Amino acid sequence: MFLINCPYCGERDQQEFKAGGEAHIERPKQPTELSDDEWAEYLFMRKNIKGVQFERWNHAHGCRKWFNMVRDTSNDEIKAIYKMGEKPPAQ
Amino acid sequence: MNKNLRVKSSEYIDETNRISFKFNGKTYHGFKGDTLASALLANNVHLVGRSFKYHRPRGIMTSGSEEPNAIVQVNPGTNRTEPNVRATEVEIYEGLEASSQNCWPSVEFDIGGINNFLSPFFPAGFYYKTFMWPASFWKKYEFFIRHSAGLGKSPTSSDPDIYDHRNIHCDVLVVGAGISGVLAAKNAAKNNFKTLLVEEKNELGGSTVYENNEFNKINNKTPSEWLKKEIEELKNIKNLEIKTRTSVAAYHQYNYLLARENLTDHLEAKDKTNKIRQRLLKIRAKKVILATGALERPLIFNNNDRPGIMLSSAIKKYSEFYGVACGSKNVFFTNNDSAYESAISLYNKGINVEAIIDIREQSESKIVKKVKEAGIKIYWSHSIVDTTGYKRLNSISIMKLSNDGTSVTGSKISISCDCLGVAGGWTPAVHLYTQSGSKLKFDEEKKVFLPNQNTSEQISVGSCGGDFKIDEIIKNLNQKLKDTLNINETDLDSIKVEIDQENSKRNIWLLPSDKPLGKTKPFVDYQNDATAKDIKLALREGFRSIEHVKRYTTTGMGTDQGKLGNMHALGIIADTAGVKMGELGTTTFRPPYTPLTFGTIVGRNIGKFFDIFRRTPMNDWHVENKAEFENVGQWKRAWYYPINGETMHQAVQRESKAARESAGILDASTLGKIDIQGSDASEFLNRVYTNAWSKLAIGKCRYGLMLNEDGMVYDDGVTTRLGENHYIMTTTTGGAANVLGKLEDYLQTEWPELDVYLTSVTDHYATASLCGPNSKKILKKIIPDLDLSDENFPHMSFKESKIGNIQCRIMRISFTGEHSYEINVQASYGKDLWEKCIEAGQEFNITPYGTETMHLLRAEKGFIIVGQDTDGTMTPIDLQMDWIVSKKKYDFIGKRSLYRSDTMREDRKQLVGLLTDDPNIVLEEGAQIVSELNQSPVEMLGHVTSSYFSPNLKKSIALAVVRGGKDMMGKKLFVPMENKNINVTVANPVFYDEKNERLNA
Ligand SMILES: [Zn+2]
């Protein structure tokens, strides 16, 4: 059970949060211009890394805000948390 | 046989408080402070159970939670019964009953014992190899296995006890209250850290409080005397909470630990009632100090499992702590000095110690000298090659050990004895440490796995950290405390320790016998009957991974998780395979460390607290009017309202007819409602719904369909424009929370530039849906001032009004195809609104209807229910709802996916109507649809999604999804059922009032 430092509320138990998959996958601005393959790349393809991974999390049972997390999936170490729209910290 | 073996008064045993209890139906006596194990031993009862596979008689082996053999059923036959309890952990109380497990008909005469004599036929992997085929025989095997192998019985009636959960946040959690834990907790608390100390036993101090080695001193006192004073002082320390009878079950990431606090298990039945039995502590600690101690290892030799063979340290504890002699003719078998302390403990109490068998060549420590002076015979460089005694040990045979330790030589000496203490060294209890994700490293010199790489703020102190001698313990504890707590001085700085320095050890994982391995039974896992031979066999058969060997031989897979024998299993594997133990790694220790009751896990979340349920403001009326309810998500919704003993079918037929012929009323309060405001609200709706929203006039309503990005229908509902920048969206009852979450996600992460604010108002409004040709007249009676003409208040429009003083929002929208109004008021007026409608509708025979009738009425109209007629694989095109997909809009969620090659396939499953050729046959929802009957295998074209008998059409109707169904209008298909094939015809899914004339009726 992680202890997650919501950038708006502070440290809270993991059960207040919802994981939202890989971060930094931007919805294409002009979907209709994309080929089936390009659209499928956006729609379906996600990484599943053993190691450092960029993730979206939502403080679902708290402030309802989305934010980003850098997590090492091999030992669950949370390396960084930053707000939506902010650049990931340099590794 | 039943002589009393109580040998001295102990400060932990209250001999004035005599307690009677029953074991296997027979009454015994013990004292307050005894465990079931110590009380049985005092009564000279060693035989307490049978082993799992061979049903060999087994006795009490340990004095703690690592016990593999003495597994009992407590209070059998009662609703408080509990299986798989370790007799070494049960504190006795008046009226306690316990019985052996895994034996039938009794522990003294066990039919399964025959397996012992058949054991050559039960090698490793026996169950896998034998019971797998022929497959048809499994039922017979199962009967045999289940009957003869007992893992205890679960209670058959409900649990009378109360369980609880508690969250605890602390600066420092100390696990284990032996000498290291006590000193760590004391120093942490004294330095203003909010500290929690948990201990699985009912007393603090661990083994040091009965430490009797006169050559060890702390500040010139015996360690026992010194530590008792330290414990005494804990009472006066602030910031320190101590929980005894509390065992940590799990250690998760980020220092989150679960512990079970036992509150009433040691009390008599009359004192248990109305009290919390066990409490699950959910602990979040800034720093964790593990002081979990070490477990003594047995030695692996031929027939090392007989009742009367125990750990040497357990014999010492029973003697010193409980005042019980485990035997009258005792022998010890050892590879280090620990056994000598146990021998001296017995000797000092006048209990006979026949001999010590030591596999070492010699030892010069003071305690060994003392044993020699006491005249106890020591056999150096000897090993036990066999033991005898079926239900109780009666002799051992020893032989001289070769220099390399792999064989025995010379003549055999037989020694008669009734109790054998084995001492194979110590294994640090690193289970919790590894659960936290931290990594171990093998110490080749000490032959133990030790903490190496921590993943969270934690330290391991005392013997669980690899320090076994008191001087090492104190010195290293002191340094670790200073480092982890960031303090400069501690109580420990001034402590002076003297110890009996010598403690050599000779490690041999598997001791030889004069017989070959195939003819001997050296048990490695006592509970699961895995022997060294099984492990070697597994290696011969090609198993290499330690995890595979574990599963194949079942070593370490009992309820004790192999706490005693795992290290030996690893050692034997390493020796046999010729690899280093460090390279093998260990098997994974998984939570819980000791078994937890289900009660502890669920706590108070039982019965009506099992899940949240939500009730509408009109709920009391539904209850008073005898509605049946159904669960929709967490909501309790009125399902139908039977009168005069109607069946559900009869009630629904009546309700459905009434709603179309005169007037019906539905509680629609559960529909999700999201208030949407902001200058970009219209643009936002354009992006989330498939149809266009910019031109919706204020005061108008529109039905919308929401897709996932993959083009599949996600939710639907009517949204009303209340003002220029203000909308109210309705969602399905079950989808409300997810829709809000999804919309928030897009707003925050993809379109942060939009000025839109979302608020869930589902619980803020109560909604009554008034429908039927007389609904207009009823509403007129309730709000006479409101102009209800089609010109002023047409279908798909909205009015704000008042019922008396109460503000209301009325939408003229319809989910039944009838002329209808949805009236919304502030939730607290919901019941009042409902009663007003019922009263006003009296003259029109207004009929309340529930969700079942709602479903039937909408099915007559071919309206879908998301989640019933769709399953996450249906596009709007599949649903024949092309009309709602805007061709003009540049983009909306899911639009691009509607043009993927897969979603454009003509032969996708599509929503159609189905009519049975026999109008009285109602199809089963979920039934399969085929086009051929005399063909096998036959392709499944689709399935029935909704099916009802329509009282208004007087025939059976159904909705279905059928592959290529759009082009099958009028085609004959079949629905094969178990006993018959039903002929059906594909039809238009709109069965009733295709021209929508009744909306304005
Ligand atoms: Zn937050």
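What counts and what doesn't
Residues numbered from 1 in each chain as written. Chains lettered and ligands numbered in written order. Predicted model: local features only at pLDDT ≥ 70, side-chain atom pairs only at ≥ 80, totals over all residues. Heavy atoms only, no water. Helix = DSSP H or I, 4+ residues; strand = E, 2+ residues; numbered from the N terminus. Buried < 20%, exposed > 50% of the residue type's maximum accessible area, 1.4 Å probe, protein only. Contact = heavy atoms within 4.5 Å. Areas by Shrake-Rupley, 256 points an atom, 1.4 Å probe, with all protein chains shown as cover. Lys, Arg positive; Asp, Glu negative; His and termini not counted. Charge placed at Lys NZ, Arg CZ, Asp CG, Glu CD. Core = buried A, V, L, I, M, F, W, Y, C linked by side-chain atoms within 4.5 Å. Salt bridge = Lys/Arg side-chain N within 4 Å of Asp/Glu carboxyl O. Polar contact = N/O pair within 3.5 Å; in protein donor to acceptor, adjacent residues only side chain to side chain. Donors = N, O, S within 2.8 Å, 3.2 Å for Na, K, Ca; no water. Tetrahedral: all angles 85-135°; square planar, octahedral: opposite > 155°, others 65-115°. Phe/Tyr/Trp six-rings, centres within 6.5 Å; stacked < 30°, edge-to-face > 60°. Patch = residues over 30% accessible without salt bridge, like charges linked within 9 Å, V, L, I, M, F, W, Y side chains within 5 Å. Expected span 1.5 Å × (residues − 1). Disulfide = S-S within 2.5 Å. Pairing = 2+ DSSP bridges. Buried area = accessible area lost by both parts, 1.4 Å probe. Axes fitted to C-alpha atoms, helices over the stretch in contact; angles between N-to-C directions. Parallel < 35°, antiparallel > 145°, perpendicular 65-115°, else oblique. Left-handed = near helix turned anticlockwise from the far one by under 90°. Nonpolar A, V, L, I, M, F, W, Y, C, P; charged D, E, K, R; others polar.

Draft legend 1. Structural detail: the overall build of chain A. Of regular secondary structure, chain A possesses one helix and six strands. N-terminal to C-terminal, the α/β element order of chain A is β-β-β-α-β-β-β. Summarising its shape, the C-alpha atoms of chain A cover approximately 45 × 30 × 25 Å along the three principal directions. In chain A, buried positions account for 36% of the 91 residues. Partitioning the contacts of chain A with sequence separation of at least 6, the portion at a separation of at least 24 is 44%. For chain A, the exposed surface amounts to about 5400 Å²; the carbon and sulfur share of it is 46%. The average position of the 14 basic charges and that of the 15 acidic charges among the side chains of chain A differ by 6 Å.

Draft legend 2. Structural context of the nonpolar core. Residue and element names in this part refer to chain B. If you look at the biggest cluster of nonpolar residues, it comprises 117 residues, and the most contacted ones within it are L36, Y318, F333, I357, I396 and L420. Among the elements that line this core, the one with the most residues is helix 5 (residues 179-190), at seven residues. Once you skip the residues sitting within four places of it in the chain, F333 turns out to touch L299, F301, I357, I359, H382, S383, I384, L420, G421, V422, A423 and L511. Counting 31 residues, the second largest nonpolar core, distinct from the first, contains I665, I783, L786 and C837.

Draft legend 3. Looking closely at the pattern of salt bridges. Across all of its chains, the model carries 70 salt bridges over all chains by this definition. Notably, a salt bridge pairs R12 of chain A with E16 of chain A, separated by 3.9 Å at the nearest N-O pair. Between R809 of chain B and E800 of chain B there is a salt bridge, with the nearest N and O atoms lying 4.0 Å from each other.

Draft legend 4. Spotlight on the side chain of N75 of chain B. Residues and elements named next belong to chain B. Along the polypeptide, N75 turns up in the loop between strand 5 (71-74) and strand 6 (82-86). Residue classification places N75 among the buried residues on the basis of a relative accessible area of 13%. A distance of 3.0 Å separates the side chain of N75 from the side chain of Y93, its partner in a polar contact. Ignoring any residue separated from it by four or fewer positions in sequence, one finds N75 in contact with T81, Y93, G95, L96, E97 and A98.

Draft legend 5. Geometry of the coordination of the zinc ion. Residue and element names in this part refer to chain A. Summarising the metal site, the zinc ion is bound by the protein donors C6 (SG), C9 (SG), H59 (ND1) and C63 (SG), whose distances to it range over 2.0 to 2.3 Å. Taken together, the four donor atoms surrounding the zinc ion define angles of 106 to 114° at the centre, an arrangement classified as tetrahedral. Along the chain, the residues donating to the zinc ion are arranged with the sequence spacing C-x2-C-x49-H-x3-C. The buried category is assigned to C6, whose relative accessible area is 2%. Owing to a relative accessible area of 29%, C9 belongs among the partly exposed residues under this scheme.

Draft legend 6. Looking closely at the packing of aromatic side chains. Residue and element names in this part refer to chain B. Under the criterion given, the structure shown has 23 aromatic pairs over all chains. Ring geometry for Y746 and W751: centres 5.0 Å apart, planes at 35°, overall tilted. With respect to class, Y746 is no different from W751; both count as buried. Here F815 and F863 contribute two aromatic rings whose centre-to-centre distance is 6.0 Å and whose plane-to-plane angle is 5°, an arrangement assigned as stacked. Of this pair, F815 sits in the loop between strand 41 (806-812) and strand 42 (820-826) while F863 is found in the loop between helix 24 (851-860) and strand 44 (909-916), placing the two residues 48 residues apart along the sequence. In this structure F815 comes out as partly exposed when scored by relative accessible area, which is 33%.

Draft legend 7. Examining a nonpolar patch on the surface more closely. Nonpolar side chains collect at one region of the surface, where F598, I601, V602 and I606 of chain B lie side by side and expose about 420 Å² of accessible area between them. Note that I601 of chain B resides in helix 17 (residues 598-602).

Draft legend 8. Layout of helix 15 (residues 566-577) of chain B. Residues and elements named next belong to chain B. Here helix 15 spans 16 Å end to end across 12 residues, near enough to the 16 Å set by a 1.5 Å rise per residue. Of all 12 residues that make up helix 15, nine are buried, and the element is covered over most of its length. Turning to helix 15, its buried residues number three or more, namely N566, M567, H568, A569, L570, G571, I572, I573 and A574. Phi for G578, located one or two positions after helix 15, is positive at around 70°.

Draft legend 9. Representation of the state of the cysteines. All names here are of chain B. The full count for this structure, using the stated rule, is zero disulfides over all chains. Lacking any disulfide linkage, C701 is separated from the closest cysteine sulfur, that of C808, by 14 Å. For C701, a relative accessible area of 5% puts it in the buried group.

Draft legend 10. Representation of the sheet that holds strand 40 (residues 797-803) of chain B in the model. Residues and elements named next belong to chain B. Spatially, six strands are ordered 40-41-42-39-33-43 in an open sheet, and the strand pairing comes out mixed. Whereas interior strands pair on both sides, the edge strands pair on one side only; in this sheet they are strand 40 and strand 43 (847-848). Pairing of strand 41 with strand 42, which is carried by four bridges, proceeds in the antiparallel orientation. Within strand 42, the residue paired with R809 across the bridge is N824.

Draft legend 11. Representation of unusual backbone geometry within the structure. All names here are of chain B. Across the junction of P591 and P592, the peptide omega takes the value -5°, indicating a cis bond. When you line up the elements, P592 lands in the loop between helix 16 (581-584) and helix 17. Residue P937 follows S936 across a cis peptide bond; omega there is 0°. Within the secondary structure layout, P937 lies in the loop between strand 45 (928-929) and strand 46 (942-950). Notably, N255 is not glycine yet its phi reads approximately 50°, a positive angle. Residue N255 is classed as buried on the basis of its relative accessible area of 3%. In this structure, N644 takes a positive phi of about 50° despite not being glycine.

Draft legend 12. Region of the structure containing the interface of chain A and chain B. Opposite the 28 residues of chain A that make contact, chain B presents 28 residues. If you sort the residues of chain A by the area they bury against chain B, M1, R27 and R64 of chain A come out on top, with a joint share of 29%. Along the contact surface separating chain A from chain B lie six salt bridges. We note a salt bridge from E744 of chain B to R64 of chain A, for which the minimum N-O separation is 2.6 Å. Joining chain A to chain B, the criterion identifies 22 residue pairs in polar contact (both at pLDDT 80 or more).

Draft legend 13. Spotlight on the sheet that holds strand 22 (residues 408-416) of chain B. Residues and elements named next belong to chain B. Reading across from one edge, 20-21-22 is the order of the three strands in this open sheet, with antiparallel pairing throughout. Either end of the sheet is taken by a strand with one partner, and the two such strands are strand 20 (382-388) and strand 22. Averaged over neighbouring strand pairs, the angle between their axes works out to 25° when direction is ignored. Inspection of the sheet shows strand 20 paired to strand 21 (residues 395-401) by six bridges, in the antiparallel sense. Within the sheet, the bridge partner assigned to S383 lies in strand 21 and is M399.

Draft legend 14. The arrangement of the packing of helix 13 (residues 532-540) of chain B against helix 14 (residues 546-553) of chain B in detail. Residues and elements named next belong to chain B. It is the contact of helix 13 with helix 14, at a shortest axis distance of 10 Å, that shows an interaxial angle of 125°. Looking at the two axes, helix 13 sits oblique to helix 14. Where helix 13 crosses over helix 14, the handedness of that crossing is right-handed. Contacts between helix 13 and helix 14 pair D534, I535, A538 and L539 from the former with V549, Y552 and T553 from the latter. Grouping the constituent residues of the contact of helix 13 with helix 14 by class yields five nonpolar, one polar and one charged.

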